[in-house]
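The primary structure of each chain is shown beneath.
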Amino acid sequence: MGIERTFSIIKPNAVKKNAIGDIIHTFESKGLRVAAAKLTILSKEKCELFYAEHKERPFFGELVSFMTSGPVLLMCLTGEGAVLKNREIMGATDPKKADAGTIRAKHGDSMGENAVHGSDSLASAERELAIFFDKHELVNL
């Protein structure tokens, strides 16, 4: 598998709950490293670009509204098999179905407000990282 980079977002509901430290600790304790991070409020335009694949779905407007409703922490995570490892650490999309000990089970509120996002493939990770980070910002590889 090798060392990979993946993209992660700590979503507005988890930031509001002051869960950033616990979530980062969870990633780090499971072998991932934070290579870059930015605390920001997403613009509607950047959010719509990021979620462009969902544009025709009925939940798109609600998703954009939620993701632009408060601060998020954007991160590049790196480590052995980082894409799959991140997805395992996050847990199922629906926090009610997520395994105990996963981030979404612990901090998620609903399907839409599930605390974190993680890339689903290496190709998605590269696309998503390029939206939010310049190459020179990826420093802790």
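Residues numbered from 1 in each chain as written. Predicted model: local features only at pLDDT ≥ 70, side-chain atom pairs only at ≥ 80, totals over all residues. Heavy atoms only, no water.

1. A short note on the pattern of salt bridges
And then number 1: Taken as a whole, this structure holds six salt bridges when the rule is applied.
And then number 2: Salt-bridge contacts for R5 lead to E126; the nearest nitrogen and oxygen are separated by 3.0 Å. In this pair, R5 sits in strand 1 (residues 3-10) while E126 sits in helix 7 (residues 122-132), placing the two residues 121 residues apart along the sequence.
And then number 3: Its salt-bridge partner being K17, residue D109 comes within 2.8 Å of it at the nearest N-O pair. (Salt bridge = Lys/Arg side-chain N within 4 Å of Asp/Glu carboxyl O. Helix = DSSP H or I, 4+ residues; strand = E, 2+ residues; numbered from the N terminus.)

2. What to know about the sheet that holds strand 1
And then number 1: Strand order in the open sheet made by the four strands is 2-3-1-4, with antiparallel pairing throughout. In this open sheet, the two edge strands, each paired with only one partner strand, are strand 2 (33-40) and strand 4 (116-118). Averaged over all pairs of adjacent strands, the angle between strand axes in this sheet comes to 20°, irrespective of strand direction.
And then number 2: The pairing of strand 1 with strand 4 spans three bridges and is classified as antiparallel. In the strand pairing of strand 4, I9 is matched with H117.
And then number 3: Strands in contact with helix 7 are strand 1, strand 2, strand 3 (72-80) and strand 4; relative to strand 1, the strand with the most contacts, it is inclined by about 55°. (Pairing = 2+ DSSP bridges. Axes fitted to C-alpha atoms, helices over the stretch in contact; angles between N-to-C directions. Contact = heavy atoms within 4.5 Å.)

3. Here's the deal with the side chain of R104
And then number 1: You can see R104 is positioned in helix 6 (residues 103-107).
And then number 2: A polar side-chain atom of R104 sits 3.0 Å from the main-chain carbonyl oxygen of G91. (Polar contact = N/O pair within 3.5 Å; in protein donor to acceptor, adjacent residues only side chain to side chain.)

4. Observations concerning the UniProt feature "binding site: ATP" (unreviewed entry) in the chain
And then number 1: Those places that UniProt annotates as "binding site: ATP" (unreviewed entry) correspond, in this numbering, to K11, F59, R87, T93, R104 and N114.
And then number 2: Note that K11 resides in the loop between strand 1 and helix 1 (12-16).
And then number 3: Residue classification places K11 among the buried residues on the basis of a relative accessible area of 6%.
And then number 4: Those residues in contact with K11 that lie beyond four places of it in its chain are Y51, F66, M67, P71, V72, G112, N114, A115, V116 and H117.
And then number 5: Non-local contacts of R104, meaning those with residues more than four positions away in its chain, are made with M90, G91, A92, T93, P95, A98, N114, V116 and H117. (UniProt positions renumbered as here; feature names shortened; annotations may be inferred. Buried < 20%, exposed > 50% of the residue type's maximum accessible area, 1.4 Å probe, protein only.)

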